[in-house]
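# Per-entry structural report
Residues per chain, in single letters:
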Amino acid sequence: MDLGVRWKLHGDGKVPAPGAVVRPDERLSWPRTFGLGAQHVVAMFGASFVAPVLMGLDPNLAIMMSGVATAIFLLATRGRVPSYLGCSLSFVGVAAVIRAQGGTSATVTGAVLVVGAALFLVGLAVQRFGARIIHAAMPPIVTGAVVMLIGFNLAPVTASTYWPQDQWTALLVMLFTGLAVVCLRGFWSRIAIFLGLVFGYVLSWALDRIFGRIHSVDGSGKVTDHWRLDFSAVGQADWIGLPSFHGPSFEWSAILVALPVVIALVAENAGHVKAVGEMTGDPLDDKLGTAISADGVGSMLSTAVGGPPNTTYSENIGVMAATRVYSTAAYWAAACFALLFGVCPKFGAVVAAIPGGVLGGITVILYGMIGLLGAQIWINAGVDLRNPLNLVPAAAGIIIGVGNVSMEFTDNFSLSGIALGTLVVITGYHALRAFAPAHLKTQQPLLDEGTSSYDEAAGDGRDGRDGGDGTGSGPQRAKS
């Protein structure tokens, strides 16, 4: 059985020829391949640093399990879909809500494990019935609204937890990270979050040397005099050792908060498969279900031992685009590097020492970008918000999600924020669609237009033209 772990040497093994690319089943020389693997690790470091820290989980374990999840993904897709599975930021808001309700790390990972299982089942359904099963239940208006409310629900975390710890550091880090994202080019722009972290470390160290301790709230929420950058735990940490493991705990209230993230993960995977297929020239429609299921399995395995969930990383797509090297051998090398970092507690201590003000500056941009990905889904799909069938459920769900509106059903059961907002968007859209007049309805475009083999419009005479309903005013766009 071909597991995609055999590669033929590309050319002389040094650099791709002008206009050529290194395909997934090819590789450069092993030293260059490991160098590219290290580059992929650096690209994913920024978000993979931040995600477990914001979720209150062990960053060492997060990095280790990202390597394991990447290996599972590469084996499942038989080496056809080059991808790195890093820690998913989509769950940060979920973790914050669960902890605010009194949940522990075990409660967080238990809820997310159930999400991983749901994602695995969605992947199996896509393999069996095709991508239309996703698009029928979650058209772009629904998907975009859910992604948006998940991101913007995080705003109070930045405003009340991180920013107050050191507002001036937060402001400077925000400005530096924004400049890095906008002004840098190629690979450097892809690691802007990582560069923002490095800048924040250096800035915090310098401010401590110049002004001494800061009088503000610390990570526990108490107002004290403390150092911005405290490396005391780094000196005490061992160089080699296993990360801390813990088992999951399952609570219905936490599970219901976490389940809406399945929608965001499906959108991420679909977009990744589309992008990789276009770059490599290999149509990957048949691997969409497998990719989704593999992501679910990787997340289940990670959360079962106390780590965060994983998802495909756009940062690494950027590295492939910049280098024109799509070899899965480089991703295997990256997975090996991640495993090595995972057994270095001193590395985890350095990550855990990220100053609160630094996180404040980075999360202002990061959380906003997560939310605006929902708007990007609407734009790409040509969603028309002038159509009340699209506007009403999205507007109601987003306000509920962002404002943490709560609804109590019994003394022991209530829904609020992300969970309630998602429920309103999904049920509201489909209920309104059932009663809406015909002129407000039309065929919805695919969640990911790259899954064109599932699109039957060309075969039945429909061209996807907009009838004033919200899917664009012209024919369905070709793959861009």
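Definitions and limits used
Residues numbered from 1 in each chain as written. Predicted model: local features only at pLDDT ≥ 70, side-chain atom pairs only at ≥ 80, totals over all residues. Heavy atoms only, no water. Helix = DSSP H or I, 4+ residues; strand = E, 2+ residues; numbered from the N terminus. Contact = heavy atoms within 4.5 Å. Areas by Shrake-Rupley, 256 points an atom, 1.4 Å probe, with all protein chains shown as cover. Buried < 20%, exposed > 50% of the residue type's maximum accessible area, 1.4 Å probe, protein only. Lys, Arg positive; Asp, Glu negative; His and termini not counted. Salt bridge = Lys/Arg side-chain N within 4 Å of Asp/Glu carboxyl O. Axes fitted to C-alpha atoms, helices over the stretch in contact; angles between N-to-C directions. Parallel < 35°, antiparallel > 145°, perpendicular 65-115°, else oblique. Left-handed = near helix turned anticlockwise from the far one by under 90°. Phe/Tyr/Trp six-rings, centres within 6.5 Å; stacked < 30°, edge-to-face > 60°. Core = buried A, V, L, I, M, F, W, Y, C linked by side-chain atoms within 4.5 Å. Nonpolar A, V, L, I, M, F, W, Y, C, P; charged D, E, K, R; others polar. Expected span 1.5 Å × (residues − 1). pLDDT = per-residue confidence, 0-100.

## Observations concerning the overall build of the chain
A count of helical and extended segments in the chain gives 21 helices and 8 strands. Considering only contacts within the chain whose residues lie at least 6 apart along the sequence, 78% involve residues at least 24 apart. If you sum the accessible surface of the chain, you get close to 20000 Å²; carbon and sulfur atoms cover 65% of it.

## Focus on the side chain of Glu 26
You can see Glu 26 is positioned in strand E2 (residues 26-27). Buried charged residue Glu 26 carries no salt bridge. Nearest counter-charge: Lys 8, at 4.5 Å. Discounting residues that sit within four places of it in the chain, Glu 26 has contacts with Trp 7, Lys 8, His 10, Val 21 and Ser 327.

## Things to note about the packing of helix H2 (residues 59-76) against helix H16 (residues 328-342)
The packing of two helices is summarised by the inter-axis angle and the distance between the axes. Running from N to C, H2 and H16 point in directions that differ by 155 degrees, and their axes come no closer than 7 Å. By the angle class used here, H2 and H16 are roughly antiparallel. Considering how the two elements wind past one another, H2 and H16 form a crossing that is left-handed. Between H2, through Asn 60, Ile 63, Met 64, Ser 66, Gly 67, Val 68, Thr 70, Ala 71, Leu 74 and Leu 75, and H16, the contact on the second element is made entirely by Thr 328, Tyr 331, Trp 332, Ala 335, Ala 338, Leu 339, Phe 341 and Gly 342.

## What to know about the packing of aromatic side chains
Counting across every chain of the model gives 4 aromatic pairs. Judged by centre distance (6.1 Å) and plane angle (45 degrees), the rings of Trp 30 and Phe 34 are tilted. A residue pair is termed a helical-turn pair when its members lie 3 or 4 positions apart in one helix, as Trp 30 and Phe 34 do in helix H1 (residues 30-55) at 4 residues. Here Trp 30 falls in the partly exposed class, since its relative accessible area comes to 37%. The class of Phe 34 is partly exposed, set by a relative accessible area of 38%. Seen from their ring centres, Phe 176 and Phe 199 are 4.3 Å apart, and the 5 degrees between their planes marks the pair as stacked. Of this pair, Phe 176 sits in helix H8 (residues 167-183) while Phe 199 sits in helix H10 (residues 192-211), and the two are 23 residues apart along the sequence. When its relative accessible area of 26% is taken as the criterion, Phe 199 is described as partly exposed. Feature note: the residues Trp 7, Trp 30, Phe 34 and Phe 337 constitute an aromatic cluster, connected by ring pairs.

## Some points on unusual backbone geometry
With phi around 55 degrees, Arg 78 is a residue other than glycine that occupies positive phi space. Tracing the backbone through its elements, the reader meets Arg 78 in the loop between H2 and strand E3 (85-87).

## Considerations on the nonpolar core
Counting residues in each nonpolar core, the largest one holds 101 residues, and the members touching the most others are Val 50, Tyr 367 and Trp 378. Other than its neighbours up to four places away in sequence, Tyr 367 contacts Leu 54, Val 92, Gly 151, Leu 154, Val 157, Thr 158 and Tyr 162.

## Here's the deal with the packing of helix H6 (residues 140-152) against helix H19 (residues 388-403)
Remark: H6 packs on H19, axes separated minimally by 9 Å, with the N-to-C direction vectors making an angle of 20 degrees. As summarised for this structure, H6 and H19 are arranged roughly parallel, according to the angle between their axes. In this structure, H6 crosses over H19, and the sense of that crossing is right-handed. Contacts from Ile 141, Ala 145, Met 148, Leu 149 and Phe 152 in H6 reach Asn 390, Ala 394, Gly 397, Ile 398, Gly 401 and Val 402 in H19. When the residues that make up the contact of H6 with H19 are grouped by side-chain class, the tally is 8 nonpolar, 3 polar and no charged.

## Structural notes on the environment of Gly 4
Structurally, Gly 4 is set in the segment before strand E1 (8-9). For Gly 4, a relative accessible area of 11% gives the class buried. Taking the C-alpha atoms as reference points, Gly 4 and Arg 80, 76 residues apart in sequence, are found 7.2 Å from one another. Apart from residues no more than four positions distant in its own chain, Gly 4 is found in contact with Arg 78, Gly 79, Thr 328 and Trp 332.

## Examining the environment of Val 262
By the secondary structure assignment, Val 262 is in helix H13 (residues 261-280). With 146 residues separating them in the primary sequence, Val 262 and Gly 116 have C-alpha atoms 7.9 Å apart.

## A few points about H6
Over its 13 residues, H6 runs 18 Å from end to end, which matches the ideal 18 Å to within 8%, given 1.5 Å per residue. Buried residues of H6: Pro 140, Ile 141, Val 142, Thr 143, Gly 144, Ala 145, Val 146, Val 147, Met 148, Leu 149, Ile 150 and Gly 151, and no others.

## Thoughts on the pattern of salt bridges
Summed over all chains, the structure comprises 4 salt bridges. A salt bridge links Arg 80 to Asp 286; its shortest N-O distance comes to 2.9 Å. Taken together, the residues span a long stretch of sequence, with Arg 80 in the loop between H2 and E3 and Asp 286 in the loop between H13 and helix H14 (288-304) at a distance of 206 residues. Taking the relative accessible area as the measure of exposure, Asp 286 reaches 48% and is therefore partly exposed. Each of Asp 166, Asp 208 and Arg 228 takes part in one network of salt bridges that share partners.

## Structural notes on the environment of Val 305
By the element assignment, Val 305 lies in the loop between H14 and strand E6 (310-312). The class for Val 305 is partly exposed, based on a relative accessible area of 25%. Considering only alpha carbons, one finds Val 305 and Ser 244, 61 residues apart in sequence, at a separation of 8.8 Å. Apart from residues no more than four positions distant in its own chain, Val 305 is found in contact with Leu 61, Met 65, Phe 245 and His 246.

## A look at H14
Between its terminal C-alpha atoms H14 stretches 24 Å, which fits the 24 Å expected from 17 residues at 1.5 Å a residue. Burial runs high along H14: 13 of the 17 residues are buried. Where H14 terminates, the next one or two residues include Gly 306, which has phi positive at roughly 105 degrees.

## Looking at the confidence of the model for the chain
Taken residue by residue, the chain gives an average pLDDT of 80. The fraction at 70 or more is 86%. Note that residues 445-480 has pLDDT below 50 and, in this model, 89 contacts with residues that lie over four places away or in other chains.

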